[in-house]
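# Report on the structure
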Amino acid sequence: MDVSHATNHSSSMSTRPLYEVFLSFRGPDMLCCFADCLYTSLTESGIGVYRDEEELERGEEIIPQLIQAIKQSKISIPVISKGYGSSKSCLMELEQMVKCKDNESHVIIPIFYHVDPSHVRNCEGPFGKSLGGHKKRKIDGSIINSWKSALRRIGNLKGHHLDKTSKESSHGKLIKQIADQVLQKLEKQDLIVPRHLVGVDPHMLCIMAKLKVDYRNKKAVNIRPTREKVSIHGIPGVGKTALAKHVYYQIYHLFDACSFLGNIQAEAKRHGVLSLQNKLTSDLHKGNVRKFDCFDKALTHIQSRFRIMKILILLDLEMHFLHSQKREEYIALLKQRKLNCTNLVTDKNHYTTN
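What you see is a predicted model, and the numbers here were worked out from it, not measured in a lab. (Residues numbered from 1 in each chain as written. Predicted model: local features only at pLDDT ≥ 70, side-chain atom pairs only at ≥ 80, totals over all residues. Heavy atoms only, no water.)

Looking only at helices and strands, one finds 13 helices and 13 strands in the protein chain. Within the protein chain, buried positions represent 49% of all 354 residues. (Helix = DSSP H or I, 4+ residues; strand = E, 2+ residues; numbered from the N terminus. Buried < 20%, exposed > 50% of the residue type's maximum accessible area, 1.4 Å probe, protein only.)

Here it is as structure tokens:
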């Protein structure tokens, strides 16, 4: 397997569930619109988000639709505010999240909004008061103990803490950080890579160097301005795709937009190269689909719309199956001379696109 590069002067095709993220918050505490801004940021990133905006009435059980939404989601984000513990529905949701985390590969990203995480962990302060209120309302003791256990578990998780002294500008930064974190976790679940790749590190470090990535302590921390195309080529079965995905995992958070185009040969045979271009356009728009009926129009749109953004594209392809006209379209796709675009390409053969 060879790695080469040239300098130019996810889309993920798996089917995702309807909801990928379950957002839990207590409405009256979110008058600052933090939850709305977070919801908007996630959905604009192409993430399917379920949010429950209806409080349960006293004595009402958690509805099956909520349980199903949490189970279906890969990630839950509880926004823990001072009044969160006073809401039965929020506590029931939290309890279900913990159950899913224990029984499935479910991720919980808690946000401690103007509360001390230790108060959540120890059921103190406003959370101790809320639980006491539930006890006075004759809520069964075993249910309250389950809620306590869920609060303790959440309080022990690594999350995001926003205190009262945080400026409004920091809200935006935190929301972007959370959206990036969610995208990273969802990408890692979509792009399947073997857990133990043997002998991959030397090749990965070689690619990192060609891409001008600052890689320290087993983490990509920065990338210098570049328009590189790295080609990973070799005979079938040597691990080209696995290596490319591994590198993609490590670096895609350094870019403003990214796309993984896999299963290209089958897709192009069924729907043509234009369908792949439309998938690329959709990915770079982070899920906001816009379809084109002409390859050149799509290419012009990408070059004008994403001119100032850092773009990463991974194409898993074998161009030898294409006739000359289609191959030229692929090469046009790879060049992207007007973009600040970095390409990772896997192929049986090495094609120069200078």
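Its identity as a non-glycine residue notwithstanding, H114 has a phi of 60 degrees, on the positive side. Note that H114 resides in the loop between β6 (111-113) and α4 (117-122). Residue K212 is not a glycine yet carries a positive backbone phi of 60 degrees. Relative to the helices and strands, K212 resides in the loop between α8 (200-210) and β8 (213-216). Owing to a relative accessible area of 30%, K212 belongs among the partly exposed residues under this scheme.

On to the nonpolar core. Within the largest apolar cluster, 27 residues are counted, with the highest numbers of intra-cluster contacts made by I80, L94 and L151. Of all elements in the fold, only α2 (64-72), α3 (88-103), α5 (125-136) and α6 (141-155) reach the threshold of two or more residues within this core. The element best represented in this core is α3, accounting for 7 residues. Those residues in contact with L151 that sit more than four places away from it in its chain are L91, L94, V120, R121, C123, F127 and L131. Counting 23 residues, the second largest nonpolar core, distinct from the first, contains A35, L38, L42 and I77. (Core = buried A, V, L, I, M, F, W, Y, C linked by side-chain atoms within 4.5 Å. Contact = heavy atoms within 4.5 Å.)

This part takes up the packing of aromatic side chains. For the structure shown, the criterion picks out 3 aromatic pairs. Taking the centre distance of 5.4 Å and the plane angle of 40 degrees together, the rings of F34 and Y113 count as tilted. Here the residue F34 occupies a position in helix α1 (residues 34-44), and Y113 occupies one in strand β6, the gap between them amounting to 79 residues. For F34, a relative accessible area of 2% gives the class buried. A relative accessible area of 5% places Y113 in the buried class. When the ring centre of Y39 is taken as reference, the NZ or CZ atom of R51 above it lies at 3.8 Å. (Phe/Tyr/Trp six-rings, centres within 6.5 Å; stacked < 30°, edge-to-face > 60°. Lys NZ or Arg CZ within 6 Å of the ring centre and 35° of its normal.)

The residue V273 is located in helix α11 (residues 273-284) in this model. Taking the relative accessible area as the measure of exposure, V273 reaches 2% and is therefore buried. For the pair V273 and F295, spaced 22 residues apart in sequence, the C-alpha separation works out to 8.0 Å.

Secondary-structure assignment places F260 in strand β11 (residues 257-261). A residue is classified by how much of its surface remains accessible, and F260, at 8% relative accessible area, is buried. Along the chain, F260 and D316 lie 56 residues apart, while their C-alpha atoms are 8.0 Å from each other.

Within the structure shown, the criterion is met by 5 salt bridges. In this structure, D102 and R153 form a salt bridge, with 2.7 Å as the shortest nitrogen-oxygen distance. One end of the pair, D102, is in helix α3; the other, R153, is in helix α6, with 51 residues separating them in the sequence. Among the salt bridges present, the one from R216 reaches D214, with a minimum N-O distance of 3.1 Å. Classification of D214 as partly exposed rests on a relative accessible area of 29%. (Salt bridge = Lys/Arg side-chain N within 4 Å of Asp/Glu carboxyl O.)

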